[in-house]
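Residue-level structural notes
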Amino acid sequence: MTVIDAHLHCTGRERTGDVLRSLDEARIDQAVLLAPFLGDGYSLDDRGSLERANAHLGELVRHHPDRLVGFAVVDPRDPQAPTMLRRAVERGGLRGVKMVPTGWYPYDAHVQPTFAVASELQLPILFHSGIFIDGRSGRFCRPSFFEVLRDHPGTRVALAHLGWPWTDEAIAVGLIDRIHGVPADDAQFRFDISFGPPPPYRFEVLKRALEVLGAESLQFGSDCFLPCPGAQIAERRGWVETLLDELEVGPAERQRIMGGTAAAWLRLAQRPPSYAPPSYAPPSYAPAEAAAPSPVPAPAPAQGAGTATPRHRLFGGAGSSDEPAGGSRWGGPRRWAPICC
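Residues numbered from 1 in each chain as written. Predicted model: local features only at pLDDT ≥ 70, side-chain atom pairs only at ≥ 80, totals over all residues. Heavy atoms only, no water.

**Re the overall build of the chain**
For the chain, the count of helices and strands is 8 helices and 11 strands. Taking all 341 residues of the chain together, the buried fraction comes to 55%. Across the chain, contacts joining residues at least 24 apart in sequence account for 79% of those joining residues at least 6 apart. Element-wise, carbon and sulfur atoms account for 55% of the exposed surface of the chain, whose accessible area totals about 15100 Å². (Helix = DSSP H or I, 4+ residues; strand = E, 2+ residues; numbered from the N terminus. Buried < 20%, exposed > 50% of the residue type's maximum accessible area, 1.4 Å probe, protein only. Contact = heavy atoms within 4.5 Å. Areas by Shrake-Rupley, 256 points an atom, 1.4 Å probe, with all protein chains shown as cover.)

Pasting the structure below:
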């Protein structure tokens, strides 16, 4: 199984050899590295520090494009940000961009030129979404605010942390492409499951995202800060794998989450074909002209005394009684009505 860590922070203190060693220890095949912007002399509010950050990352990843994918960091409020981004990609060899809405809203007019350059260059973008560590910027990071990226169709957007605590809102943003029949690999939005939600929320958040969007819209990211031992990345990978075990996620869907979705987002050479797990026909979200109503299932028999209900069946819905025979219950997202208000 190819594993891609789609969310790894640089600090400016890491060296290429150490990064590769950590990835090897964590059994990570490829990683998205983000230019430093939090501390150690780097700041989102300091253009010069971001120029240095992007240059550092370009050197870090230069000789290992098969394993390291560098993402520039820019502040789109800066009038020079579009030029900085173009330079980081065309001259610096970086292949995507990370942005954090701190003091700006994604729909603000003055940040659109940076998005336009990202669209022209057909870049993958990683946005922080949800509550932010500074305790002030979460108000700028609501998932629905990123819908403006649909005005820049050349971009491929990943929203980090599934937008927690606004995870339902994030899922709704991602659902729109599914309703309109856009294949997952070509959708405007996908979501990294790096840990915004604290532990008590994680099972339910991931379960709901799997039920609505399916594995093809979700990707693994550790959100670790380099330099760090491989054991730290491996621990976070283990958190995800434990959740996937609890949710009974099958091999095909697990591969998608741990590497396939990110490979398509990044347009890596090993981009998988359109995803369709065994025993599962991908749902069509196109309106049916004369669709017959679905039969109402008979009520499930009552549980016998002393018989425990498996945790994943306590909630009903997709996969609770109609999972494909011999397959994973997470074959894909549930079917949704083609009408949205």
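**Some details on the packing of helix α6 (residues 199-212) against helix α7 (residues 230-246)**
Following both chains from N to C, one finds α6 and α7 inclined at 60 degrees, their axes separated by 10 Å at the closest point. By the angle between their axes, α6 is oblique relative to α7. Between α6 and α7 lies a crossing of right-handed hand. Facing Arg202, Phe203 and Leu206 of α6, the residues of α7 in contact are Trp239, Leu243, Leu244 and Glu246. Residue classes in the contact of α6 with α7 are distributed as 5 nonpolar, no polar and 2 charged. (Axes fitted to C-alpha atoms, helices over the stretch in contact; angles between N-to-C directions. Parallel < 35°, antiparallel > 145°, perpendicular 65-115°, else oblique. Left-handed = near helix turned anticlockwise from the far one by under 90°. Nonpolar A, V, L, I, M, F, W, Y, C, P; charged D, E, K, R; others polar.)

**Here we look at the environment of leucine 44**
One can find leucine 44 in the loop between β4 (42-43) and α2 (47-61). Taking C-alpha positions, leucine 44 is 7.2 Å from valine 74, a pair spaced 30 residues apart along the chain. Setting aside residues no more than four positions away along its own chain, leucine 44 makes contact with Phe37, Leu50, Val73, Asp75, Val100 and Thr102.

**Here's the deal with the sheet that holds strand β8 (residues 156-159)**
Strand order in this open sheet of 9 strands is β10-β9-β8-β7-β6-β5-β2-β1-β11, and the pairing throughout is parallel. At either end of the open sheet lies a strand with only one pairing partner, and these are β10 (218-219) and β11 (224-225). As paired elements, strand β1 (residues 4-9) and β11 share 2 bridges and run parallel to each other. Bridge pairing in β11 places histidine 9 opposite phenylalanine 225. (Pairing = 2+ DSSP bridges.)

**Quick word on the side chain of aspartate 192**
With respect to the helices and strands, aspartate 192 occurs in strand β9 (residues 189-192). Buried charge aspartate 192 goes without a salt bridge, the closest partner of opposite sign being lysine 98 at 7.2 Å. Among the polar contacts made by the side chain of aspartate 192, one reaches the side chain of serine 194 at a distance of 2.5 Å. With residues near it in sequence (within four places) discarded, aspartate 192 still touches His7, Leu126, Leu159, Ala160, His161, Leu162 and Gln219. (Lys, Arg positive; Asp, Glu negative; His and termini not counted. Salt bridge = Lys/Arg side-chain N within 4 Å of Asp/Glu carboxyl O. Polar contact = N/O pair within 3.5 Å; in protein donor to acceptor, adjacent residues only side chain to side chain.)

**Some details on the pattern of salt bridges**
Any two side chains of opposite charge can pair, on the condition that their charged atoms come close. For the structure shown, the criterion picks out 18 salt bridges. In this structure, aspartate 40 and arginine 13 form a salt bridge, with 3.3 Å as the shortest nitrogen-oxygen distance. Of the two residues, aspartate 40 sits in the loop between β3 (38-39) and β4 while arginine 13 sits in the loop between β1 and α1 (16-26), which places them 27 residues apart along the sequence. The salt bridge involving arginine 256 is made with aspartate 185; its shortest N-O contact spans 2.3 Å. Placement of the pair is arginine 256 in helix α8 (residues 251-266) and aspartate 185 in the loop between α5 (167-179) and β9, with a sequence separation of 71 residues. Via salt bridges that share partners, Asp45, Asp75 and Arg77 belong to a single interconnected network.

**Concerning the state of the cysteines**
Between two cysteines, a covalent bond joining their sulfur atoms is known as a disulfide. Scanning the model with the defined rule gives 0 disulfides in all. Left unpaired, cysteine 224 is separated from the closest cysteine sulfur, that of cysteine 228, by 4.7 Å. (Disulfide = S-S within 2.5 Å.)

**A look at the packing of α2 against helix α3 (residues 81-90)**
Between α2 and α3, whose axes approach to 11 Å, the crossing angle comes to 15 degrees. For the element pair α2 / α3, the angle class is roughly parallel. The crossing of α2 and α3 is right-handed. Residues Arg47, Leu50, Glu51 and Asn54 of α2 touch α3, and the partners they reach there are Met84, Arg87 and Ala88. Of the residues that constitute the contact of α2 with α3, the class distribution is 3 nonpolar, 1 polar and 3 charged.

**Considerations on the packing of aromatic side chains**
Under the counting rule described, the total for this entry stands at 10 aromatic pairs. Seen from their ring centres, tryptophan 164 and tyrosine 201 are 5.2 Å apart, and the 65 degrees between their planes marks the pair as edge-to-face. Note that tryptophan 164 is positioned in the loop between β8 and α5 and tyrosine 201 in helix α6, a separation of 37 residues in sequence. Taking relative accessible area as the criterion, tryptophan 164 reaches 16% and is therefore assigned buried. Of the residues examined, tyrosine 201 reaches a relative accessible area of 45% and is grouped as partly exposed. (Phe/Tyr/Trp six-rings, centres within 6.5 Å; stacked < 30°, edge-to-face > 60°.)

**A word on α2**
For α2, with 15 residues, the first-to-last C-alpha span of 21 Å sits near the 21 Å given by 1.5 Å per residue. Residues Ser49, Leu50, Ala53, Asn54, His56, Leu57, Gly58, Leu60 and Val61 constitute the buried set of α2. Packed against the buried residues of α2 are α1, β2 (30-34), β4, β5 (68-73) and α3. Of the residues flanking the start of α2, the one acting as N-cap is aspartate 46, its side-chain oxygen 3.1 Å from the backbone nitrogen of glycine 48. (Expected span 1.5 Å × (residues − 1).)

**Observations regarding the pairing of β5**
Here is the key point about a regular strand: its side chains alternate between the two faces of the sheet. Where burial is concerned, most of β5 is hidden: 6 out of the 6 residues are buried. In β5, alternate side chains face the same way, and those of Leu68, Gly70 and Ala72 on one face and Val69, Phe71 and Val73 on the other are all buried. One ladder, built from 4 bridges, connects β2 with β5; its direction is parallel. Of the residues in β5, the one forming a bridge with valine 32 is valine 69.

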